[in-house]
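If you want the building blocks of each chain, they are given just below.
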Amino acid sequence: MTDIGKMLIILGIILVVVGCVIHFGGKFIPFGKLPGDINVVGENSSFHFPVMTCIIISVVLSVIANLFFR
């Protein structure tokens, strides 16, 4: 059970750090407004899909996961 506890603590710290980066880093990194993000605005509706933002977040999380779980 101590291994699960340690893993939960580390996961919690990672989530807090990622949350702070997203909250405070929005001024410096325009998440959702990068080139490659799809934004279609019509008369009565709009559609937004952050393709490039998803790719960048996926790459960063993959690198972090590979560093921790090797």
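Cut-offs applied
- Residues numbered from 1 in each chain as written.
- Predicted model: local features only at pLDDT ≥ 70, side-chain atom pairs only at ≥ 80, totals over all residues.
- Heavy atoms only, no water.
- Patch = residues over 30% accessible without salt bridge, like charges linked within 9 Å, V, L, I, M, F, W, Y side chains within 5 Å.
- Areas by Shrake-Rupley, 256 points an atom, 1.4 Å probe, with all protein chains shown as cover.
- Salt bridge = Lys/Arg side-chain N within 4 Å of Asp/Glu carboxyl O.
- Helix = DSSP H or I, 4+ residues; strand = E, 2+ residues; numbered from the N terminus.
- Buried < 20%, exposed > 50% of the residue type's maximum accessible area, 1.4 Å probe, protein only.
- pLDDT = per-residue confidence, 0-100.

## Some remarks on a nonpolar patch on the surface
Step number 1: On the surface, a cluster of nonpolar side chains totalling about 1100 Å² of accessible area is made up of Met7, Ile10, Met52, Ile55, Ile56, Val59, Val60, Val63, Leu67, Phe68 and Phe69.
Step number 2: Those elements that place two or more of their residues in the nonpolar patch are α1 (2-25) and α2 (51-68).
Step number 3: By residue number, the principal contributor to the nonpolar patch is α2, which donates eight residues.
Step number 4: Tracing the backbone shows methionine 7 in helix α1.
Step number 5: With relative accessibility at 49%, the residue methionine 7 sits in the partly exposed group.

## Here we look at the confidence of the model for the chain
Step number 1: When pLDDT is averaged along the chain, the result is 84; 93% of the residues meet or exceed 70.
Step number 2: At the low end of the mean pLDDT range in the chain sits α1, at 85; at the high end sits strand β2 (residues 46-49), at 91.

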